[in-house]
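# Working through the structure, step by step
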Amino acid sequence: MDAPRKSKPCLSGVGLTKVFGLGRRTTVAVDHVDFEFREGEVISIVGESGSGKTTLAKMLLGLINPTEGEVYFQGQKRDISSHRKRQEYWKNIQAIFQDPFSAYNIFNKIDTVLLDCIHMRGGRGLPRAKKIELMTEACGFVNLKFEEMTNKYPFELSGGQMQRLMIARIFLLKPKILLADEPTSMIDACSRATILDYLMKLRDEVGMTLIFITHDIGLAYYVSDTVYIMEHGRFVESGTADRVILHPQEPYTKRLISDVPKIYEEWDLSTV
Amino acid sequence: MKHTLRQVARSGKFMAGFIIFVAILLIVIIYPLLVPDPPLQIIAQGTFFPPGIYVNTYDSINAPTTYTLHLDDAAAKRVASKLSQENRTEMKNWLVAAGLPADEIDTADTEQLLNQWGSHYDPRLQIPGMTLAKSRAYQRLNASIQGLLSTEGAIIASRAADTGALQAGREVKQTDYVNIREVANVRFLPLGTDNFGRDVLTELVRATGVSLQIGLVAGIIATLIGLTLGLAAGYIGGLLDDFTMFITNLFTVIPTFVLLILISFSIGQDKRGAFTIATVIGLTAWPWTARSVRAQVISLRNRDHVNLSKLSGHSIPHIILNDILPYVASYVVMAFILQISSGILQEAGLAILGLGPRTTEVPTLGLMMNWAMIYQAHILEKWWAYLPVLMTIALITFSMNLMNTGLDQVFNPALRD
Ligand SMILES: Nc1ncnc2c1ncn2[C@@H]1O[C@H](COP(=O)(O)OP(=O)(O)O)[C@@H](O)[C@H]1O
Ligand SMILES: [Mg+2]
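Note that the structure is a prediction, hence the values are computed from the model and not measured.

### A closer look at the overall build of chain A
Check the secondary structure of chain A and you find 12 helices and 10 strands. Taken over C-alpha atoms, the radius of gyration comes to 19 Å for chain A, in line with the 19 Å a tight globule of 272 residues would show. For chain A, with 272 residues in total, the buried portion stands at 53%. Nonlocal contacts in chain A, meaning residues at least 24 apart in sequence, comprise 69% of its contacts between residues at least 6 apart. Averaged over its 35 positive side-chain charges, chain A has a centre that lies 8 Å from the centre of its 35 negative ones.

### What to know about the sheet that holds strand β10 (residues 234–240) of chain A
Residues and elements named next belong to chain A. Spatial strand order, β6-β7-β8-β3-β9-β10: six strands in an open sheet with mixed pairing. Two strands close off the open sheet at either side, each with one partner strand: β6 (93–96) and β10. Here the strands of the sheet are splayed against their neighbours by 15° on average, with no regard to which way each runs. Where strand β9 (residues 226–231) meets β10, six bridges bridge the pair, whose relative direction is antiparallel. Within the sheet, the bridge partner assigned to Val227 lies in β10 and is Gly239.

### With respect to the site of ligand 1
All names here are of chain A. With respect to spatial proximity, the complete set of residues near ligand 1 consists of Phe20, Thr27, Ala29, Glu48, Ser49, Gly50, Ser51, Gly52, Lys53, Thr54 and Thr55. Lys53 places a side-chain nitrogen or oxygen 2.9 Å from an oxygen atom of ligand 1. Thr54 places a side-chain nitrogen or oxygen 2.5 Å from an oxygen atom of ligand 1. Protein contacts shield 58% of the accessible area of ligand 1, which totals 560 Å² for the unbound molecule.

### Description of the layout of surface pockets
One number sums up the size of the largest pocket: a volume of about 960 Å³. Residue lining of the largest pocket: 28 residues in total, with A:Phe107, B:Thr4, B:Pro326, B:Ser330 and B:Phe411 positioned closest to the centre. Secondary-structure elements contributing two or more residues to the lining of the largest pocket are α1 (2–10), α11 (274–300), α13 (316–352) and α15 (387–411) of chain B. In terms of residues, the lining of the largest pocket owes the most to one element, α13(B), which gives eight residues.

### Some words on the interface of chain B and chain A
Taken together, the contact pairs 17 residues of chain B with 21 residues of chain A. In this assembly, chain B packs against chain A so that about 1800 Å² is buried in total across both faces, 59% of it on carbon and sulfur atoms. Ranking the residues of chain B by area buried against chain A places B:Asp304, B:Leu308 and B:Leu311 at the top, with a combined share of 38%. One can count one salt bridge joining chain B with chain A. Linking chain B with chain A are 10 residue pairs in polar contact (both at pLDDT 80 or more). Of all the elements in the fold, those that place two or more residues in the side of chain B that touches chain A are α12 (304–311) and α13 of chain B. Residue composition of the side of chain B that touches chain A, grouped by class: six nonpolar, eight polar and three charged.

### Here we look at empty space enclosed by the protein
A complete count under the given rule lists six cavities of 30 Å³ or more for this structure. Reported here for the largest cavity is a volume of approximately 130 Å³. A:Asn105, A:Asn108, A:Asp116, B:Leu308 and B:Ser309 are the residues nearest the centre of the largest cavity, which is lined by 14 residues in total. Listing elements by their share of the lining of the largest cavity, those giving two or more residues are α4 (110–120) of chain A together with α12 and α13 of chain B.

### Observations concerning the packing of helix α5 (residues 128–141) of chain A against helix α7 (residues 159–173) of chain A
Residue and element names in this part refer to chain A. The contact between α5 and α7 brings their axes to 8 Å, and the two run at 130°. For the element pair α5 / α7, the angle class is oblique. The hand of the α5/α7 crossing is right-handed. Seen from α5, the contacting residues are Leu134, Glu137, Ala138, Cys139 and Phe141; seen from α7, they are Ile167, Ala168, Phe171 and Leu172. When the residues that make up the contact of α5 with α7 are grouped by side-chain class, the tally is eight nonpolar, no polar and one charged.

### Examining the environment of A:Leu16
Assignment of secondary structure puts A:Leu16 in strand β1 (residues 9–20). Between the C-alpha atom of A:Leu16 and that of A:Val113, which follows or precedes it by 97 residues, the distance is 32 Å.

Conventions used here
- Residues numbered from 1 in each chain as written.
- Chains lettered and ligands numbered in written order.
- Predicted model: local features only at pLDDT ≥ 70, side-chain atom pairs only at ≥ 80, totals over all residues.
- Heavy atoms only, no water.
- Helix = DSSP H or I, 4+ residues; strand = E, 2+ residues; numbered from the N terminus.
- Rg over C-alpha atoms; globule rule 2.2 N^0.38 Å.
- Buried < 20%, exposed > 50% of the residue type's maximum accessible area, 1.4 Å probe, protein only.
- Contact = heavy atoms within 4.5 Å.
- Lys, Arg positive; Asp, Glu negative; His and termini not counted.
- Charge placed at Lys NZ, Arg CZ, Asp CG, Glu CD.
- Pairing = 2+ DSSP bridges.
- Axes fitted to C-alpha atoms, helices over the stretch in contact; angles between N-to-C directions.
- Near = heavy atom within 4 Å.
- Polar contact = N/O pair within 3.5 Å; in protein donor to acceptor, adjacent residues only side chain to side chain.
- Areas by Shrake-Rupley, 256 points an atom, 1.4 Å probe, with all protein chains shown as cover.
- 1 Å grid on protein atoms, 1.4 Å probe; cavity = no way out; pocket = protein on both sides within 12 Å on 5 of 7 lines; lining within 4 Å.
- Points joined across faces, edges and corners; volume = space filled by probe spheres on them.
- Buried area = accessible area lost by both parts, 1.4 Å probe.
- Salt bridge = Lys/Arg side-chain N within 4 Å of Asp/Glu carboxyl O.
- Nonpolar A, V, L, I, M, F, W, Y, C, P; charged D, E, K, R; others polar.
- Parallel < 35°, antiparallel > 145°, perpendicular 65-115°, else oblique.
- Left-handed = near helix turned anticlockwise from the far one by under 90°.

Interpretation note: all reported values are geometric properties and have no functional meaning in isolation.
Below, the structure written as structure tokens:
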């Protein structure tokens, strides 16, 4: 799979670092990482819990400021110095968070969540019927019934339904880049595959770059073109999924793979 | 939301506090409708009349109807009720000392006792072993018994307009009674009067109302400023946060009450209305609310639902109002309740020191304490002038703290017992 290599870089980082805390009790969550994500690819960032994946994602989203380093968006230095500029930036990059239970404002109804997306895409002036049509379409995309969702609060849904609603949200927003931060890790096992399917279907539909964050290297192999392995805030290995997972160079990568022995059993290795 | 309200209603502590508070509020609202007198009206000359029912002497004599009860029984009952058990024992002692056999004297039989007294008592009789003071006391007792037994009435005389000579007008007999309803001026003073001769109950009800208003105004001011600054400082941070934290820290170092005293003092007695005091209290109380709201906001601002709201393109004011404020609202309600009750206490404290609202307009709980203290009600044992005020302050604070604890238990399930 060499095709994506030819596309333009859409998001890259140089020396990106985040240090939490002050004085002696500091945690280096992300430690001078460099990367170049290319348009249209599915990129996986794989690492154990606490390796700094979420912190990196939040820096890429512009939700927290890097301690050091720069992010380049579509080849240019990213400028998110004011809230207005950030609002502009967020039209291009969106996220699905790890924990759907804490990602919703419990005081807002589901309709609000979806309407916000329509408004963000400039649909504030649309007639009510058109808005409902869009929301119904978005819910239908993830196999939810809008009639059942309307006037409900997020906490009345199951975790799987909440995460599907998140995908419906992205469906309405159609961003250029989507960061999915362990979107299935808090979901019951049965819903996981469904969520993943919708996510891949969404990517094909919208044609966006997908940055998929996971601790499950098997999942990364299954979905991605490019894989970055993260350990203690550093990228220790990166490359095409086949290269990294089937021919790992680093001991850390090897350990991650050996923790998931199923890979070699379940996948056909004849392509190697 | 509905669920939370139901939980609040089910919290025993909250409801107990709420009921006490509503009862106080109802009394404050309804009492003036029943007793429309101005609360600071001086109704009697003299200070500190004890609680009781007062009948105007003049009006009782001039009451339109006079019920004359010519009943011997009534006279006997009147005497019997006026003759205390102590007096009876004293009389018996004298009679025994004078030589009457003790078993012939029955202190319960008023008529017989009075007869025995009348036929035997002689002030000149020297009883061995009796001090002069004691025999004087017996002479006074005899005089009062004679007064009681006298059947002659008091003559009310008036001066003739032309000659100026006294003319007998009407005789008021000892057996004359007046129905209390016929007397124009009957005053029920359940809590007596204060040092100025004002009805303590009416004053207390009004003072409670004013103090609650002061607490409310102070609470609203403190909560509004504290909430706004807390939200802004916590969410936006930067220079605003530095400023807020600086003031807040200043207030933690300088006790608020000292500041209050200084400000109140510098305002001057004439300019200190009740609402000036309330405003001053509110303006010195906000840092506490600001500090705790800020702490809550800081822990909220990095939550994912706030991040999602940002990613949904909302402006900062929208995020603060929709994604932060609802999450701190329950906390702010609790802080507000505490601010009201502390506002009431602060006013009381200031007024006790003589730095409360100026005294000519309205009473407040603090002012009543101040008056009672200045006029030494506590030394003179005029408990009705200060004890009810203290109880009211305690009851208000208690009810608000109960409500607060109840809310706290609903909002922080970890505190439930
Ligand atoms: N807001 C924060 N303050 C301090 N330390 C943090 C904060 N967020 C994350 N960390 C620390 O940074 C490290 C990386 O965390 P995180 O990015 O959440 O890892 P991952 O998503 O890979 O599990 C952890 O050691 C975590 O304790
Ligand atoms: Mg994480």
